[in-house]
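Listed below are the residues making up each chain.
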Amino acid sequence: MSAFSKVRKHRRTLLLGLSASLLAACQTAQTAQSIWPAAAVPPATAADAAIDARVRSIVAGMTLEQKIGQMTQPDIRSIKPDEVRQYYIGSILNGGGAWPAMNMHSSVDDWLKLSDEFYKASMSTDMTVKIPVIWGTDAVHGHNNIYGATLFPHNIGLGAAHDPQLLERIGRATAEQVRATGITWAFAPTLAVVQNPRWGRTYESYSSDPELVRSYAGAMVRGLQGRLGSPTSVLATAKHWLGDGGTLHGVDQGETRTSEADLYRTHSAGYYGALAADVQTVMVSYSSFTDTASGQQWGKMHGNAHLVGDVLKQRLGFHGLVVSDWNGIEQVPGCTKWHCPQAINAGIDLIMVPDDWKQFIPATVEDVKAGRIPMSRIDDAVSRIIRVKLKSGLFDASPATGPHPDASVMSSPAARELAREAVRKSLVLLKNDGGVLPFKRSGKILVVGAGADSLPMQSGGWSLTWQGDNTKTSEYPNAETLLASMRKSLGADRVDYSADGTGVDVSKYSGVVMVAAEQPYAEMKGDITFPAPLRHSARYPQDLQALDRVSGKGVPVVTVLYSGRPVAANDLINRSDAFVAAWLPGTEGQGIVDLLFAGADDRPAYDFAGRLSFDWPAGDCLPQQGGYQFRRGYGLSLGGGSRLGRLPEAPVTMACPAESR
Ligand code: GLC
């Protein structure tokens, strides 16, 4: 073939390739238009125009290395303050279980001091315009990494409260706690709409109901962000975009198989609520997406230019910053923990590269120089980061030495009272046969179950440490287990305790409070791997054994279940006169006492208002397979009467049938 005809053939191939990719781009843009309504993002104001002008001017004066440094987010365990200066780092985070000097008992002042060191380092670079570093933290149920902080119920309990206004107040209180430590960004709220309770992060979800999640998202974002730029405002994070709660078998970081239309209908409702509340950051999901309508296997969200670029940024009009999850970029085919042009080209602006950030920066600089990442994409990413920082007030004052809330907000009487109210509103009464609740205060009570005296089990994951493990009740100085709260309220002489119910004469008591509970967990460590049974006693047989020892003795038994998800519990319910789903209540055990026991006048001081925000399984498999014991929305009140009677106790199902979600 002549040289000329080779050129002509190559040009034809190029043109065909170009038109194919243009066609694909048009198709995905059309899909974005047809499936995704525009979001009600608050309109830009004159102040925004001024900020945009300032952004353009700052970016224009930055070198490529400074821009890539601005897009880099290491964990505080792998970077020293002066390296923030040296490498122009834009953001840092403390992952779960990272504290100043790796001391879990760090004081609020220790956090402030470290924040000040990082801030000062970022303002000491040789840049024309210094850009302050921003610190992000997982404050997902209060400022949960901080020793002594008041912890609110996890999201699954707040979902049962059906009270968006309560969420906004909790967001406000959390923002004050976070700002008191010199941090200005919370990686919350999680907006997953969980479809399979096998997922270890089910408790981070408000509900399987998209509309409840939508109403909550806006409330929590307004609570956290308040008036952007004020000393009590923190950036909120809508996470994890998109479909994290829809993976097959609830596998953490797994594959969400559904149509794009369903992805919109079921999984995006919270984001519309968050965007309408002007959320400033979005975190991308580890999960992957396969479109069952078109058959397209989009793969990992961290490389999905259609859903991150076309949909979130273009169609929904999100103008804040998109951050990757912890080493999330390595899951994109062809990428590593420290190198992923695909993720940046997909629309991710800030890369959470906790440890390998020193490799990330030169590798990404090289990507830009080699044309693998267009400079326009880098400039867009850096502009979004700087715009968010300008709106957050970071350029105006140091979060550590500028105005900020006092350390007392960490566990103030107001914070504890709010958390106690949230606990009350989150409890769901599933059974109260014979109207045994509320117990009278004048009786003598036996308390049974390890969870009754364990703040780690009462608080769940993301509490002091990532997994909520390797801690003990004594490391929660401003908190009360249910047992401690009962002894304070009723008098220690009226409350006896046995962790396993052995060796006690139940007939001596007027009532028994049994606490069944899970060991704390987070993320993949909490998955109940398919086809294992959803039955609580299959994972915690000791709770059923303890209940067997104290039930059926003619003394009323109320069982309180601490769990991060709805579980099959008919065996426990049958051995209880009353049964309360308490989820993961956090530090205020008193909120449970408020409902289990009458007031001084022997009349109910409060009533159960909680209603399930998830369906509850009758058997060991998903409710859709093994039947629904209670539907979403179920919950009793005290005066309502309950005649649940005996529930079916099928033999443990060793393997559940195939699941479609
Ligand atoms: C975790 C979680 C994410 C969290 C991040 C930082 O892996 O997926 O929700 O914000 O890492 O801790």
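Residues numbered from 1 in each chain as written. Predicted model: local features only at pLDDT ≥ 70, side-chain atom pairs only at ≥ 80, totals over all residues. Heavy atoms only, no water.

## Digging into the packing of helix H7 (residues 164–180) against helix H8 (residues 210–225)
Describing two packed helices takes the angle between their axes plus the distance from one axis to the other. In plain terms, the rule: Axis definition: a line fitted to C-alpha atoms, over the contacting stretch in the case of helices. Angles run 0 to 180 degrees between N-to-C directions. For the purposes of this entry, the term helix denotes a DSSP run of H or I that reaches at least four residues, the term strand denotes a run of E that reaches at least two, and both are numbered from the N terminus. An angle counts as roughly parallel when it lies under 35 degrees, as roughly antiparallel when it exceeds 145, as roughly perpendicular when it falls between 65 and 115, and as oblique in every other case. By convention the crossing between two helices is left-handed if the near helix lies anticlockwise of the far one by an angle smaller than a right angle, and right-handed if it lies clockwise. Contacts are residue-level and defined by heavy atoms, with any inter-residue pair within 4.5 Å sufficient. Ten residues, namely Ala, Val, Leu, Ile, Met, Phe, Trp, Tyr, Cys and Pro, are considered nonpolar, four, namely Asp, Glu, Lys and Arg, are considered charged, and the remaining ones, Gly among them, are considered polar.
Between H7 and H8, the least distance of the axes is 7 Å, while the angle of their chain directions is 30 degrees. On the basis of their axis angle, the class for H7 and H8 is roughly parallel. Read as a crossing pair, H7 and H8 show a hand that is right-handed. Two secondary-structure elements touch here, H7 through Pro164, Leu167, Glu168, Ile170, Gly171, Arg172, Thr174 and Ala175 and H8 through Ser215, Tyr216, Ala219, Met220, Arg222, Gly223, Leu224 and Gln225. Among the residues forming the contact of H7 with H8, the class breakdown is eight nonpolar, five polar and three charged.

## Some thoughts on the pairing of strand E17 (residues 578–583)
Test applied: Partly exposed residues are those whose accessible area sits between 20% and 50% of the maximum for their type, while under 20% is buried and over 50% is exposed, using a 1.4 Å probe and protein chains only. Each pair of strands is called paired provided DSSP finds at least two bridges between the two strands.
Judged by how many residues are buried, E17 sits mostly within the fold: six of six residues are covered. Of the two faces of E17, the one lined by Ala578, Val580 and Ala582 and the one lined by Phe579, Ala581 and Trp583 are each fully buried. Bridge count between strand E12 (residues 428–432) and E17: four bridges; the pairing is antiparallel. Each residue of the ladder has a partner; that of lysine 431, found in E17, is phenylalanine 579.

## Brief notes about the site of the ligand
Heads up, the rule is: The criterion for a residue being near a molecule or strand is simple. One of its heavy atoms has to lie within 4 Å of it. For this analysis, a polar contact is any N or O atom pair within 3.5 Å, provided that within protein one partner can donate a hydrogen and the other can accept it, and provided that sequence-adjacent residues contribute only side-chain to side-chain pairs. Residues are said to line a cavity or pocket when one of their atoms sits within 4 Å of a point; the points come from a 1 Å grid over protein atoms alone, cavities being sets where a 1.4 Å probe fits but cannot get out and pockets being open sets with protein on both sides within 12 Å along at least five of seven lines. A cavity or pocket is said to hold a molecule if more than half of that molecule's atoms lie within 2 Å of its grid points.
Surveying the vicinity of the ligand reveals 13 residues, the closest of which are Asp138, Arg201, Lys239, His240 and Asp325. Residue histidine 240 places a side-chain N or O atom 2.7 Å away from an oxygen atom belonging to the ligand. Tyrosine 286 is positioned with one of its side-chain polar atoms (N or O) 3.1 Å from an oxygen atom of the ligand. Judged by the fraction of its atoms near the pocket grid, the ligand is located in the largest pocket.

## Quick notes on the domain arrangement of the protein chain
Heads up, the condition is: Where a domain begins and ends is set by an automatic assignment or by a domain database. Computed with a 1.4 Å rolling probe, the buried area is the accessible surface lost when two parts are put together, summed over both parts. The working definition used for a salt bridge is a side-chain nitrogen of Lys or Arg within 4 Å of a carboxyl oxygen of Asp or Glu.
Once the domains are mapped, the protein chain shows domain 1 (49–400) and domain 2 (413–630). Taking only C-alpha atoms into account, the centre of domain 1 sits 34 Å from that of domain 2. Facing 54 residues of domain 1, the contacting portion of domain 2 comprises 53 residues. Here domain 1 and domain 2 share an interface that buries about 4,000 Å² over both sides, 60% of which is from carbon and sulfur atoms. Joining domain 1 to domain 2, the criterion identifies three salt bridges. A salt bridge links glutamate 523 to arginine 201; its shortest N-O distance comes to 3.6 Å. In this assembly, domain 1 and domain 2 are joined by 29 residue pairs in polar contact (both at pLDDT 80 or more).

## A short note on H8
Going by this rule: Helix span, as expected, comes to 1.5 Å for every residue beyond the first.
The end-to-end C-alpha distance of H8 is 22 Å, a good match for the 22 Å that 16 residues give at a rise of 1.5 Å each. With 12 of 16 residues buried, H8 is to be regarded as a mostly interior element. If you check which residues of H8 are buried, you get Pro210, Leu212, Val213, Tyr216, Ala217, Gly218, Ala219, Met220, Val221, Gly223, Leu224 and Gln225. In the core, the buried residues of H8 are packed alongside helix H6 (155–161), H7, strand E4 (185–186), helix H9 (260–267) and helix H10 (269–276). Two to three positions downstream of the cap, the backbone nitrogen of glutamate 211 sits 2.9 Å from a side-chain oxygen, assigning the N-cap of H8 to aspartate 209.

## Observations regarding the environment of tryptophan 466
One can find tryptophan 466 in the loop between helix H16 (455–459) and helix H17 (482–490). On the basis of relative accessibility, which here comes to 27%, the residue tryptophan 466 falls in the partly exposed class. Between the C-alpha atom of tryptophan 466 and that of glycine 95, which follows or precedes it by 371 residues, the distance is 7.4 Å. Beyond its immediate sequence surroundings of up to four residues, tryptophan 466 is in contact with Gly96, Gly97, Gly461, Ala522, Glu523, Met524 and Lys525.

## Examining the packing of helix H2 (residues 46–60) against helix H14 (residues 375–392)
Orientation of H2 relative to H14, taken along the N-to-C sense of each, is 130 degrees, at an axis distance of 9 Å. One way to sum up the angle between H2 and H14 is to call them oblique. In this structure, the crossing between H2 and H14 has a hand that is right-handed. From H2, Asp48, Ile51, Asp52, Arg54, Val55, Ile58 and Val59 reach across to H14, where they touch Asp379, Val382, Ser383, Ile386, Arg387, Leu390 and Lys391. Here the contact of H2 with H14 is built from residues that sort into seven nonpolar, one polar and six charged.

## What to know about the layout of surface pockets
Operational definition: Grid points are joined across faces, edges and corners, and a volume is the space filled by probe spheres set on the points.
In this structure, the largest pocket spans a volume of roughly 330 Å³. Taken together, 22 residues line the largest pocket, and the ones lying closest to its centre are Tyr286, Asp325, Trp326, Trp466 and Glu523. Residues of the lining of the largest pocket, tallied by class, amount to nine nonpolar, six polar and seven charged. Lining the lining of the largest pocket are residues from two domains, each supplying at least three of them: domain 1 (49–400) and domain 2 (413–630).

## Details of the nonpolar core
Operational definition: Side-chain atoms within 4.5 Å link the members of a nonpolar core, which is a set of buried Ala, Val, Leu, Ile, Met, Phe, Trp, Tyr and Cys residues.
With 166 residues, the main nonpolar core has Trp36, Ile68, Ile92, Phe118, Trp241, Ile386 and Trp616 as its most contacted residues. The leading source of residues in this core is H8, at eight residues. Both domains that meet at this core, namely domain 1 (49–400) and domain 2 (413–630), each give it at least three residues. Ignoring anything within four residues of it in the chain, the contact list for isoleucine 92 reads Gln73, Pro74, Ile76, Ile79, Val84, Phe118, Val133, Ile134, Trp135 and Gly136.

## As for the pairing of strand E2 (residues 91–94)
What counts here: The handedness of a crossover follows from its direction of travel: if, with the strands pointing away from the viewer, the path from the first strand over the helix to the second runs clockwise, the crossover is right-handed.
Of the two faces of E2, the one holding Ser91 and Leu93 and the one holding Ile92 and Asn94 are both buried throughout. Direction of pairing for E2 relative to strand E3 (residues 134–137): parallel, over a ladder of four bridges. Among the inter-strand pairings, leucine 93 is bridged to a residue of E3, identified as glycine 136. Between E2 and its parallel partner E3, the chain crosses via helix H5 (residues 108–122), and the hand of that crossover is right-handed.

## Describing the state of the cysteines
Operational definition: Criterion for a disulfide: a pair of cysteine sulfur atoms at a distance within 2.5 Å.
Counted under the stated rule, the structure contains two disulfides. Between cysteine 335 and cysteine 340 runs a disulfide, and the two sulfur atoms are separated by 2.1 Å. Across the disulfide from cysteine 335 to cysteine 340, rotation about the S-S bond amounts to roughly 65 degrees, and the bridge is consequently right-handed. There is a disulfide in this structure between cysteine 621 and cysteine 656, and the S-S distance comes to 2.1 Å.

## Observations regarding the environment of serine 287
By secondary structure assignment, the location of serine 287 is in the loop between strand E7 (281–284) and strand E8 (288–291). Not counting chain neighbours up to four residues away, the residues in contact with serine 287 comprise Leu242, Gly243, Asp244, Thr247, Gln253, Gly254, Thr256, Lys300 and Met301. At 2.6 Å, the side chain of serine 287 and the side chain of serine 285 are in polar contact.

## Description of H7
With 17 residues, H7 should reach 24 Å at 1.5 Å per residue; the first-to-last C-alpha distance of 24 Å fits that figure. Next to the buried residues of H7 lie H5, E3, H6, H8 and helix H15 (413–426).

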